[in-house]
Amino acid sequence: MIEINNLAKAFALGKGSKLSESEKQDVRYSKTAFHSVRDVSFHCDQGEVLGLLGPNGAGKTTTLRMLSTALKPDGGTVLINGVDVLKQPLKARQQIGFLSADTGLYGKLTAFENIAYFGRLHGMKESALRQRIDELFTLLNMHDFANRRADNMSTGMKQKTAIARAVVHSPKVVILDEPTTGLDIMTVQTVLDFIQSLKALKTPVIFSTHHLDEVAALCDRVVVIDKGISTFSGSIEAFRQCTPSGDLREAFLSVINQPETATAQGVA
Ligand SMILES: Nc1ncnc2c1ncn2[C@@H]1O[C@H](COP(=O)(O)OP(=O)(O)OP(=O)(O)O)[C@@H](O)[C@H]1O
């Protein structure tokens, strides 16, 4: 189970900081800092898939980076299966599989080598590692390019390799930042099937997306972040009930651009 309460993160702005005009008009902007995430709370139970939605720049990536221990929050708490990410980052990290938006593969290494390298960093034994990689190659349909260098891979191949690498150690919690962005339809389906397979193993999955069809197909829970605040957190059914039509797009639009005083709504 993942429990996040009142998460906040501001980035200090130095002389060299380049913000866009729209960011300078944003309520999160001050002369000295940009408060990317102001107040985000949600939870995700065992075997649940949670879709993290929000407009560009809302604070999704910043939130996911804090959950994965890549970024230290200024405030708030993150508990992963009872482990406090801030107090015990190493212990928390062992339980998490994190796919960042930037795949960051080693270009000279093959798919197999990229994944094996991370498995060894997690202390996996060689025989278990080979078996796990073979299992992931099957689940993600990767056998064809197992020995291809990352430099020579397509976007889809790179993304599958990055996903396999993130979960090679069979983490208890999986966090994926826009796992389907830029992928063709078949590869998207493979990634969605893979998330479904994690759900079948009761592994909680949190993924950010701009695609509401993915949310409809996979998610038990929805969280919407707008200007650094979680303006909705609840079940997919509760999210649909935000509008009379039950349409996800309308529901999304109804929970963003709320007045500044709006607090998180929805059911727990
Ligand atoms: N290091 C930083 N310094 C200053 N501002 C930052 C920094 N990192 C992120 N931001 C700003 O914080 C805001 C939130 O960024 P974030 O990447 O979390 O948004 P997002 O919801 O993931 O957006 P997208 O859907 O476009 O990927 C953006 O305005 C971004 O420019």
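Report on the accompanying structure. (Residues numbered from 1 in each chain as written. Predicted model: local features only at pLDDT ≥ 70, side-chain atom pairs only at ≥ 80, totals over all residues. Heavy atoms only, no water.)

## Notes on the site of the ligand
Glu 23, Ser 36, Gly 57, Lys 60 and Thr 62 are the nearest of the 14 residues found near the ligand. In the model, an oxygen atom of the ligand is placed 2.9 Å from a nitrogen or oxygen of the Asn 56 side chain. In the model, an oxygen atom of the ligand is placed 2.6 Å from a nitrogen or oxygen of the Thr 62 side chain. Coverage of the ligand by the protein amounts to 70% of the 650 Å² it exposes when considered alone. Breaking the shell around the ligand down by element, the ones donating at least two residues are β2 (33–44) and α2 (60–67). Ranked by residue count, the leading element in the shell around the ligand is α2, at three residues. (Near = heavy atom within 4 Å. Polar contact = N/O pair within 3.5 Å; in protein donor to acceptor, adjacent residues only side chain to side chain. Areas by Shrake-Rupley, 256 points an atom, 1.4 Å probe, with all protein chains shown as cover. Helix = DSSP H or I, 4+ residues; strand = E, 2+ residues; numbered from the N terminus.)

## Structural notes on the packing of helix α4 (residues 111–121) against helix α6 (residues 155–167)
At a closest axis distance of 8 Å, the pairing of α4 and α6 adopts a crossing angle of 20 degrees. The orientation of α4 with respect to α6, classified from their angle, is roughly parallel. The way α4 lies across α6 gives a crossing that is right-handed. Of α6, the residues touching α4 (which contributes Ala 111, Asn 114, Ile 115 and Phe 118) are Thr 161, Ala 164 and Arg 165. (Axes fitted to C-alpha atoms, helices over the stretch in contact; angles between N-to-C directions. Parallel < 35°, antiparallel > 145°, perpendicular 65-115°, else oblique. Left-handed = near helix turned anticlockwise from the far one by under 90°. Contact = heavy atoms within 4.5 Å.)

## With respect to the pairing of strand β1 (residues 2–12)
Relative to strand β4 (residues 75–80), β1 is paired through five bridges, and the arrangement is antiparallel. Considered in β4, the bridge of Asn 5 is made with Thr 77. In the sheet, β1 pairs with β2 via seven bridges, with the strands oriented antiparallel. Bridging across to β2, Lys 9 finds its partner in Val 37. (Pairing = 2+ DSSP bridges.)

## Things to note about the pattern of salt bridges
Counted by the stated rule, this structure contains nine salt bridges. The salt bridge partner of Glu 48 is Arg 221, with a shortest N-O separation of 2.9 Å. Of the two residues, Glu 48 sits in the loop between β2 and β3 (49–53) while Arg 221 sits in strand β9 (residues 221–226), which places them 173 residues apart along the sequence. Note on accessibility: Glu 48 and Arg 221 belong to one class, buried. Residue Asp 151 pairs with Lys 108 through a salt bridge whose shortest N-O separation is 3.2 Å. Of this pair, Asp 151 sits in the loop between α5 (126–139) and α6 while Lys 108 is found in the loop between β6 (96–99) and α4, placing the two residues 43 residues apart along the sequence. (Salt bridge = Lys/Arg side-chain N within 4 Å of Asp/Glu carboxyl O. Buried < 20%, exposed > 50% of the residue type's maximum accessible area, 1.4 Å probe, protein only.)

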